[in-house]
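# Residue-level structural notes
This is what each chain is made of:
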Amino acid sequence: MSVAKDERVKKEKPMKVDDILNNDIWDVDYEPHIRVDSEKCRKCKNKPCLYLCPAQCYTLVGNEVLFSYEGCLECGTCRVICPENAITWNYPVSGRGIHYRFS
Amino acid sequence: MKGAGYIFDAIVVGAGPAGSSAAYTLARKGFKVLVVERGRTPGSKNMFGGRVYADPIREVFPNLNKSAPIHRWVTKERISMVSGEKMTSLEFEGKKNVSFTTYLTELSNWMAKQVEEAGGIVLTEITVDNFIVKDGRVKGIRVGNEEVFSDVVIDAEGINRLLLERAGLIPRITPNYAGLGVKEVIKLSKEDIEKNFGLGSGEGIAWLLIGDIMEGLPGGAFLYTNKDSISLGIVVMLGSAMERMKEHISRYVERLRLHPLLEKYFREGRIMEYSAHLVPEYVWPAIPHRLYGDGFLVAGDAAGLLLNLGYNFRGVDFASYSGYLAAQAVEKAHSLGGMSAENLSIYQELLEKSFILRELRKFKNAPKMRKNERLYDFYPYLINAIADKIFHAKYETPKIMDAFKEANKGRIGWFTLIRDLYEVSRSI
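Only a predicted model underlies this, so the values are computations on that prediction, with no experimental measurement involved. (Residues numbered from 1 in each chain as written. Chains lettered and ligands numbered in written order. Predicted model: local features only at pLDDT ≥ 70, side-chain atom pairs only at ≥ 80, totals over all residues.)

## Focus: the overall build of chain B
- Scanning chain B for helices and strands turns up 16 helices and 19 strands.
- In terms of overall dimensions, chain B is globule-like: its C-alpha atoms have a radius of gyration of 23 Å, near the 22 Å expected for 428 residues.
- By its C-alpha atoms, chain B is 85 × 45 × 35 Å across when sized along the principal axes.
- A total of 428 residues make up chain B; the buried ones form 52% of that total.
- Across chain B, every contact between residues at least 6 apart in sequence was considered, and the portion connecting residues at least 24 apart equals 73%. (Helix = DSSP H or I, 4+ residues; strand = E, 2+ residues; numbered from the N terminus. Rg over C-alpha atoms; globule rule 2.2 N^0.38 Å. Buried ≥ 20, exposed ≤ 12 C-beta atoms within 10 Å, placed from the backbone. Contact = placed C-beta atoms within 7 Å.)

Written out as structure tokens, the structure is:
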């Protein structure tokens, strides 16, 4: 279990999504529950996943979208918004993934 | 009633409010019920804004007030229009116990405990892979190599509906019919909450905000006070957010947290949890829904049962009550001789007669109304500009009409204003 940092709410600079995510706990699956078809992904111009994935699982490196499934909050947004239908999203297996406690 | 290989009368997929309400009701009527939940504990995949309407849930769980994790009864409602560093609010205060704040994680866990106490079986850490479908009839569930059969499956898997999709029973949800909620739960002492928000012991506030905190994106922000934390977040509509969002969505939540008019309320707090979930934004009854079929029923978010009026959201009580009605439908179908689509169609009738579909039909224009972008951008500006001219008048107070004209600067005509007012009052 990760311990909440002593991050006061009032901050001068924006917090990184990673720092905010540090307050959450996961039991990360060994196998990714998200798959991205990079062929299809390359065709997409707007790439709304970069802005709309709340956990910022999708990042742009050069022209390629890289993704990580570890910090996924399992909202399913990426699957719904992907204009090229490039994302296969499954429920993580038995008990894995995000574990909300105060939501 | 059971053939060979049938172990359960009913399998419920998902131990959220819909699933546990269905299972609890069935277990109390003597049915053998299995609930399977993919999370480590019931509720660990659940997230919501922060407020639950009690009466429909109390009908399902009569001991709600006695033992449920009720954080605060909402005695204060505040709706604010924000524009820059100005805010105009409408506040209502009344001390009736109608809705309460909680963590949905806790409430779902409590509901699952009620299921177990009533004799139902709740298994966690079970991710269902598929429904067993034979000749168009749902016969049970498949988990890895295991198959479990039942007379009926109640799908309460939540908004992503992967199982229904895989079984070809329902199309994929599209961006125009879903919203995304993102929230931070901020730890704050009980004393600070009651002092900062002017609340008595055990009292809570539900606060909704629209305006330029969302940079003109259709959607809104919310704040709910829990026992010793606040839930602070936003809801955006996926369709418009896809086209218009320019920054990462967490920045919008952050702007809310750092907003000069808001941060004073929780300056001493610190973030406990960050969470996100989709919200159904269907237009009833325009979207054809599959709420039942041979051997299955759909309840809660998976059925798209949520009402968003902009000033209140009703999801948990709709989910819970739909599960309750699904259980009643199963009982009725059982007495009619089996779980055929025809016998289970009573579920649709029960929903139509209940407050759920009555409400969704009554407010069927609300989703369209909420797409009017002036509500998020121009009107908050206009109201604050008028209020500023009136309340910040140093020597001479302008007449309201003159303040309006000066604030409006000819940007909006009377016709548009009256039409928007009419649309809003007609829709909600």
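Read on for the rest.
## Structural notes on helix α8 (residues 249-257) of chain B
- Those residues of α8(B) that fall on the buried side of the exposure criterion are B:Ile249, B:Ser250, B:Tyr252, B:Val253, B:Leu256 and B:Arg257. Projected down its long axis, α8(B) shows its buried positions confined to an angular sector of 155°, all on one face.
- On its buried face, α8(B) sits against α1 (17-21) and α3 (49-52) of chain A together with β11 (178-187), β13 (219-225) and β14 (229-237) of chain B. (Arc of directions from axis to C-beta.)

## A look at the interface of chain B and chain A
- Taken together, the 49 residues of chain B in the interface contact 37 residues of chain A.
- Among the secondary structure elements, those contributing two or more residues to the side of chain B that touches chain A are α4 (104-117), β11, α7 (238-244), α8 and β15 (270-280) of chain B.
- Of the residues belonging to the side of chain B that touches chain A, the class tally is 24 nonpolar, 13 polar and 12 charged. (Nonpolar A, V, L, I, M, F, W, Y, C, P; charged D, E, K, R; others polar.)

## Things to note about the pairing of strand β10 (residues 146-155) of chain B
All names here are of chain B.
- β10 sits mainly inside the fold: 7 of its 10 residues count as buried.
- In the sheet, strand β9 (residues 137-143) pairs with β10 via 4 bridges, with the strands oriented antiparallel. Paired with arginine 142 across the strands is glutamate 147, a residue of β10.
- What sits between the antiparallel neighbours β9 and β10 is a turn of 2 residues, in which glycine 144 has the positive phi angle 60°.
- In terms of strand pairing, β10 meets strand β17 (residues 296-298) through 3 bridges, oriented parallel. (Pairing = 2+ DSSP bridges.)

## Quick word on the packing of helix α1 (residues 17-28) of chain B against helix α9 (residues 316-336) of chain B
All names here are of chain B.
- Contact geometry for α1 and α9: axes closest at 7 Å, N-to-C directions at 35°. In this structure, α1 crosses over α9, and the sense of that crossing is right-handed. The residues of α9 that touch α1, namely those facing Pro17, Ala18, Gly19, Ser21, Ala22, Thr25 and Leu26, are Val316, Ala319, Ser320, Ser322, Gly323, Tyr324, Ala326, Ala327 and Val330.
- Classifying every residue of the contact of α1 with α9 gives 10 nonpolar, 6 polar and no charged. (Axes fitted to C-alpha atoms, helices over the stretch in contact; angles between N-to-C directions. Left-handed = near helix turned anticlockwise from the far one by under 90°.)

Such coordinate-based values are descriptive only and should not be taken to indicate function.
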